[in-house]
Amino acid sequence: MIDGRLDLYRLPEESLRSIAAGDAGAPELRLLRSAQRSHLLLVLRSLVDHSGVAQARPPRVGAVASAESAWRLLAAAQRRDPGAVDVVLADPMVMAWALRLLRRLGGAGRGAAFPAAPLWADVGQLYALAAAAALRAGSEAVVGVPAHRGVVWVPGAGVVGPLSSRRWSGAEVRVAADGAVVRGEGGEVRLPRDLGASAPGWHPLPVLWDAAPWSAEPGAALRLDTVTPYRDFEVSPRAPVRVPGRRSALWRERVAGACALLARESPADTARLAALVRVLVPRAFAASTRGQVASSSSPDAFGAVTLSLPYDEAQMAATLVHETRHQQLNALLGLVPLVREQEAGGRRPLYYAPWRSDPRPAHGLLHGVFAFAGVTRFWRLHREFVTGDEARRADFEFAVFRDQVREVATTLLAGGELTAAGRLFVEEIAGAAERWAKEDVLPGPARLAARYCALRRAVWRARHMELDGAAARRAAAARVAGLPAPPLPGSRLRPCPAAIRTDTFGHVVRLHLGTPDAFARRWRKADADRDAVIGAECASVAGDADGAARRYAAWTAAEPHDAEAWIGAVLAGQDRSAAAALLLDRPEAVAAVRRAMAEQGAEPPAPLELADWLRGAVAAPGGDSGRSG
């Protein structure tokens, strides 16, 4: 409600367990949505009460003279038609705008990328909420609103304009019995009665998927947002962008196909998607053409997901399941803490997260393990509905994600950063991962999944773990002198973002399993381009041991200190020796000693040869395998 008491929320243990297990039902989903709505109302009321708002009145403010007046108009619309206000407040970008503004007014994050909008324009979006509510409720009103580059935001519906050429200007929304008109400096636009219909100057959010059959909320739908000013999680406001017709149709086809796939194979996931995700925001991501997807959710925009276009319906479905899990956890964390508060002045430990190239704190691991547990379950179910190449691909995905989820759940439970509720939550996930580990997977996909997981783990260590420099120099001197390897200490985490390169091995595997013809073309192109990296990975995935060895050797010759080439060569050769095991377990130690030898003017031996010499001298990964204090 707008002008009354807010509910208090309590989360029963059985609900916490249901959410953790991926079995959130209607009661849990209602609780999460309701809690987020109450949170939004508190934020809006705080904006109205904030002392800075009174001094931020836009020019030509029309009939609304203050933020308090806008709040009263919003409350009046709610009394007239509660459903109308619900639709407006359900727009995820309302929360995104409100939280950013509240932080701005409170001075939080000064120096960060706050919007370049004048304060009156930022505060003026409260009038846009009131106008949108009056419009939907049919309440007669005249409301002054801000316009960004001549575009007026109508929360929950779309945008109007452009009505001005200036960066910021005022506009007026007039709602009367005969309809609604938006007037700006450069003209006016009459809005259609059906706000879902296009009209000259009116740009509604197109529906990608009608969620009504899966949701108890009237008009529930999944929409595409390329126009609202607060759709970007990092920078706002954003001007509208045009999605070409073919690209727009592709989004519609892929989302509709993915939702139909979910409806057939996992109706419960379909219901959760319908309940929790309202808007998809397209984002550019060059690597999408290589089979990777960039997607994200934000606790500041409950119900919104930004993503690049997945390459097929199954990947789109998996991405939607993944982001629906993030929506659940974002809402849940507003009700119960799962990770302990950081001590004042303390530093969060960082850990290996298999699905990321950078080290992550426990909070990030928690989000990842919960989201990827949902993805694991999706591929596990999908295997039962497909055959041939698609079945092999699904087996690979299932095998990879179950391994990663199991590893991260173990890491979280071994640490001391979870609350009691957090331990209960992760134990549910760990239990599922243990059950999944016992399920059969086709031998080929299973081998490739194990190789992929080992590659990511070892490459992450090579990038972000560091052997003490003095210890590396001592070992280098001993090698040059022909002496046995001296004992080496464990490594420490030292994040190195500059060392990260885009993962291509996973994409090559997915091409090989899912679209063999495309894989063959990619391999031929790599060889024609003399791309040793892709060529080596293609040969490795195809089981061409000799071809992989030649190409990995070429890669190493071109980039002698790129540990990823050595790691890939060991895995491609399926070397089971103790030296190979050490190179995979402690690649950063091998790399550090090789660099130290080069600095001393000596020719370093081959990585595997050096690893063989270091056997027994290098401490096992143990406590240093991806954690820092």
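Scroll up to find the structure this text is about.
I will try to describe carefully the structure that is included in this document. (Residues numbered from 1 in each chain as written. Predicted model: local features only at pLDDT ≥ 70, side-chain atom pairs only at ≥ 80, totals over all residues. Heavy atoms only, no water.)

1. As for the overall build of the protein
Part 1 of the reasoning: A count of helical and extended segments in the protein gives 22 helices and 16 strands.
Part 2 of the reasoning: The dimensions of the protein, computed from C-alpha atoms along their principal axes, are 90 × 55 × 50 Å.
Part 3 of the reasoning: The proportion of buried residues among the 629 residues of the protein is 54%.
Part 4 of the reasoning: Here the protein displays about 26,400 Å² of accessible surface, and carbon together with sulfur accounts for 52% of that area.
Part 5 of the reasoning: In the protein, the 79 positive side-chain charges and the 67 negative ones have mean positions that sit 3 Å from each other. (Helix = DSSP H or I, 4+ residues; strand = E, 2+ residues; numbered from the N terminus. Buried < 20%, exposed > 50% of the residue type's maximum accessible area, 1.4 Å probe, protein only. Areas by Shrake-Rupley, 256 points an atom, 1.4 Å probe, with all protein chains shown as cover. Lys, Arg positive; Asp, Glu negative; His and termini not counted. Charge placed at Lys NZ, Arg CZ, Asp CG, Glu CD.)

2. A word on the pattern of salt bridges
Part 1 of the reasoning: Counting across every chain of the model gives 36 salt bridges.
Part 2 of the reasoning: Measuring nitrogen to oxygen at the nearest pair gives 3.0 Å for the salt bridge that ties Asp23 to Arg377. Of this pair, Asp23 sits in the loop between helix H1 (13-20) and helix H2 (26-49) while Arg377 sits in helix H10 (residues 362-382), and the two are 354 residues apart along the sequence.
Part 3 of the reasoning: Using a relative accessible area of 43% as the deciding quantity, one classes Asp23 as partly exposed.
Part 4 of the reasoning: The exposure class assigned to Arg377 is buried, which follows from its relative accessible area of 18%.
Part 5 of the reasoning: Between Arg348 and Glu417 there is a salt bridge, and its shortest N-O distance comes to 3.0 Å. With Arg348 in the loop between helix H9 (313-333) and strand E13 (350-351) and Glu417 in the loop between helix H11 (388-414) and helix H12 (420-437), the pair connects residues that are 69 residues apart, well separated along the chain.
Part 6 of the reasoning: One network of salt bridges, in which partners are shared, links Arg380, Arg383, Asp395 and Glu439. (Salt bridge = Lys/Arg side-chain N within 4 Å of Asp/Glu carboxyl O.)

3. Details of unusual backbone geometry
Part 1 of the reasoning: Between Gly161 and the following residue, Pro162, the backbone shows a cis peptide bond with an omega angle of 10°.
Part 2 of the reasoning: As for its position among the elements, Pro162 is in the loop between strand E3 (158-160) and strand E4 (168-176).
Part 3 of the reasoning: In the segment running from Ser236 into Pro237, the intervening peptide bond is cis, with an omega of -5°.
Part 4 of the reasoning: Within the fold, Pro237 resides in the loop between strand E9 (221-224) and helix H7 (245-265).
Part 5 of the reasoning: The backbone phi angle of Arg149 is positive, close to 50°, even though this residue is not glycine.
Part 6 of the reasoning: By the element assignment, Arg149 lies in the loop between strand E1 (141-148) and strand E2 (152-154).

4. Notes on empty space enclosed by the protein
Part 1 of the reasoning: Counted according to the given criterion, the structure contains 5 cavities of 30 Å³ or more.
Part 2 of the reasoning: Of the pockets and cavities examined, the largest cavity occupies roughly 120 Å³.
Part 3 of the reasoning: The wall of the largest cavity is formed by 14 residues, among which Leu455, Arg456, Val459, Arg463 and Asp503 lie closest to the centre.
Part 4 of the reasoning: Broken down by element, the lining of the largest cavity gets its largest block of residues, 5 residues, from helix H13 (residues 443-464).
Part 5 of the reasoning: In terms of residue class, the lining of the largest cavity is built from 7 nonpolar, 1 polar and 6 charged. (1 Å grid on protein atoms, 1.4 Å probe; cavity = no way out; pocket = protein on both sides within 12 Å on 5 of 7 lines; lining within 4 Å. Points joined across faces, edges and corners; volume = space filled by probe spheres on them. Nonpolar A, V, L, I, M, F, W, Y, C, P; charged D, E, K, R; others polar.)

5. Points about helix H5 (residues 92-106)
For an α-helix, the turn length of 3.6 residues means that residues three or four places apart are oriented alike.
Part 1 of the reasoning: An ideal rise of 1.5 Å per residue puts 21 Å on 15 residues; H5 measures up with 22 Å between its terminal C-alpha atoms.
Part 2 of the reasoning: Counting buried positions along H5 yields 11 of 15 residues, so the element is predominantly enclosed.
Part 3 of the reasoning: Those residues of H5 lying buried are Pro92, Met93, Val94, Met95, Ala96, Trp97, Ala98, Leu99, Arg100, Leu101 and Leu105.
Part 4 of the reasoning: Buried positions along H5 lie against H2, helix H4 (82-89), helix H6 (119-137), E2, strand E10 (279-282) and strand E12 (304-307).
Part 5 of the reasoning: One side-chain oxygen of the residue at the start of H5 lies 2.9 Å from the amide nitrogen of Met93, identifying that residue as Asp91.
Part 6 of the reasoning: Phi turns positive one or two residues past the end of H5, at Gly107, with a value near 80°. (Expected span 1.5 Å × (residues − 1). Contact = heavy atoms within 4.5 Å. Polar contact = N/O pair within 3.5 Å; in protein donor to acceptor, adjacent residues only side chain to side chain.)

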